[in-house]
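Spelled out, the chains give:
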Amino acid sequence: MTMSIRLSASFALLALVLSLADAYDPSPLQDICVGVAEPHNALFVNGMFCKNPSLATADDFLFSGLQVPRSTANPVGSTVTPVFAAQLPGLNTLGISMVRIDFGIGGLNPPHTHPRGTEILLVLEGTLYVGFVTSNQLNNTFFEKVLHPGDVFVFPIGMIHFQLNVGKTNAVAIAGLSSQNPGVITVANALFNAKPPISPEVLAKGFQVDEKLVETLQKKFWYYN
Ligand SMILES: *[C@@H]1O[C@H](CO)[C@@H](O)[C@H](O)[C@H]1NC(C)=O
């Protein structure tokens, strides 16, 4: 083996190992891959373990109950009901998922980002003020809109976004996300409720406020909707 062949062989091996190890939604390599927590009846590893396809049933592709309103009696006044691969195992490897979001009057789905998914949101009931902010390279441009039933708005992958109920009634929205497990980072919670806490000096400089304010924020109860 010449050095370059040996090098490219080891790079190919490395790429193979990395692609087996990463958890980014891959293109499916088979028709179905119902996720199972227990590898007892499993065949392939691709994201979660896949249930042996000959043991899959229609129920593996079904989630029920998204018509049910959830209580929004919490500090932010909104509740997200996820239908990710963890709740609907048939989503495993398919790169798609869904949520229902309930909003009380004045309820907020606080500024957050989905590190692995674009979100497309449909308002079913109520009036939502929504927006997202682009990255530094695009000058943190803010795109905002007031949405009514039937309106669809898209939040591009990774962008910080929010939804606020500005109507006089409860609001309900359904969103699709381009990942079986899009992830959520709620900005304030991630920074002020980190465990162990981020040094107040870092947050004070980062936010251009004094450390007392940072310490006050760090002592607050941060709710995860
Ligand atoms: C961002 O700001 C710079 C400097 O003002 C400007 O040249 C550039 O066009 C802006 N980009 C966008 C996407 O607005």
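Above: the structure in question.
Our subject in this report is the structure included herewith. Per chain, residue numbering runs from 1 following the sequence as it is written. With pLDDT at 70 or above as the cut-off, local features in this predicted model cover only qualifying residues; side-chain atom pairs require 80 or more to be listed or tallied, and sums for whole chains, interfaces and linings still use all residues. Based on all heavy atoms of the structure, the side-chain values leave hydrogens and waters out of the count.

A few words on the pattern of salt bridges. Within this document, salt bridges are pairs made up of a side-chain nitrogen of Lys or Arg and a carboxyl oxygen of Asp or Glu, the two lying within 4 Å of each other. A complete count under the given rule lists three salt bridges for this structure. Residues Asp102 and Arg100 are paired through a salt bridge, measuring 2.8 Å at the closest nitrogen-oxygen approach. For the residue pair Asp102 and Arg100, the accessibility class agrees, reading buried in each case. Classification of residues uses two cut-offs on accessible area relative to the type maximum, computed with a 1.4 Å probe and protein chains only: under 20% is buried, over 50% is exposed, and between them is partly exposed.

So, on to the packing of helix H3 (residues 200-207) against helix H4 (residues 211-219). Contact pair H3 / H4: the axes reach a minimum separation of 8 Å and the direction vectors enclose 115°. Judged by the inter-axis angle, H3 sits roughly perpendicular to H4. In terms of crossing hand, the pair formed by H3 and H4 is right-handed. Facing H3, whose interface residues are Pro200, Glu201, Leu203 and Ala204, H4 presents Glu211, Val214, Glu215 and Gln218. Axes, fitted as lines to C-alpha atoms, cover a helix only where it is in contact. Angles between the N-to-C directions of the axes lie from 0 to 180 degrees. Each helix corresponds to a stretch of at least 4 residues labelled H or I by DSSP, and each strand to a stretch of at least 2 residues labelled E; elements are numbered beginning at the N terminus. Throughout, the term roughly parallel applies to angles under 35 degrees, roughly antiparallel to angles over 145, roughly perpendicular to angles from 65 to 115, and oblique to all others. Crossing handedness follows the turn of the near helix against the far one: under a right angle anticlockwise gives a left-handed crossing, and clockwise gives a right-handed one. Any two residues whose heavy atoms approach within 4.5 Å are treated as being in contact.

Bringing the state of the cysteines into the picture now. The term disulfide is used for any two cysteine sulfur atoms that are within 2.5 Å. A complete count under the given rule lists one disulfide for this structure. Covalent S-S linkage joins Cys33 and Cys50, the inter-sulfur distance amounting to 1.9 Å. When the S-S torsion is -80°, as for the bridge of Cys33 with Cys50, the disulfide is left-handed. With Cys33 in the loop between helix H1 (3-21) and strand S1 (35-36) and Cys50 in strand S3 (residues 48-51), the pair connects residues that are 17 residues apart, well separated along the chain.

Glancing now at the sheet that holds strand S11 (residues 160-165). A pair of strands is considered paired only if DSSP assigns at least 2 bridges between the two. Pairing is antiparallel in the open sheet, where five strands are placed in the order S9-S8-S11-S6-S13. Two strands lie at the open edges of the sheet, namely strand S9 (142-147) and strand S13 (185-186), each paired on one side alone. The pairing of strand S6 (residues 108-113) with S13 spans two bridges and is antiparallel. The residue of S13 that forms the bridge with Thr113 is Ile185.

Below, the discussion takes up unusual backbone geometry. A cis geometry characterises the amide bond from Lys195 onward to Pro196, with omega recorded as -5°. Along the polypeptide, Pro196 turns up in the loop between helix H2 (187-192) and H3. Positive phi values are uncommon outside glycine, yet Asn140 reaches one of about 50°. Assignment of secondary structure puts Asn140 in the loop between strand S8 (128-133) and S9. Accessibility expressed as a relative area gives 42% for Asn140, which makes it partly exposed.

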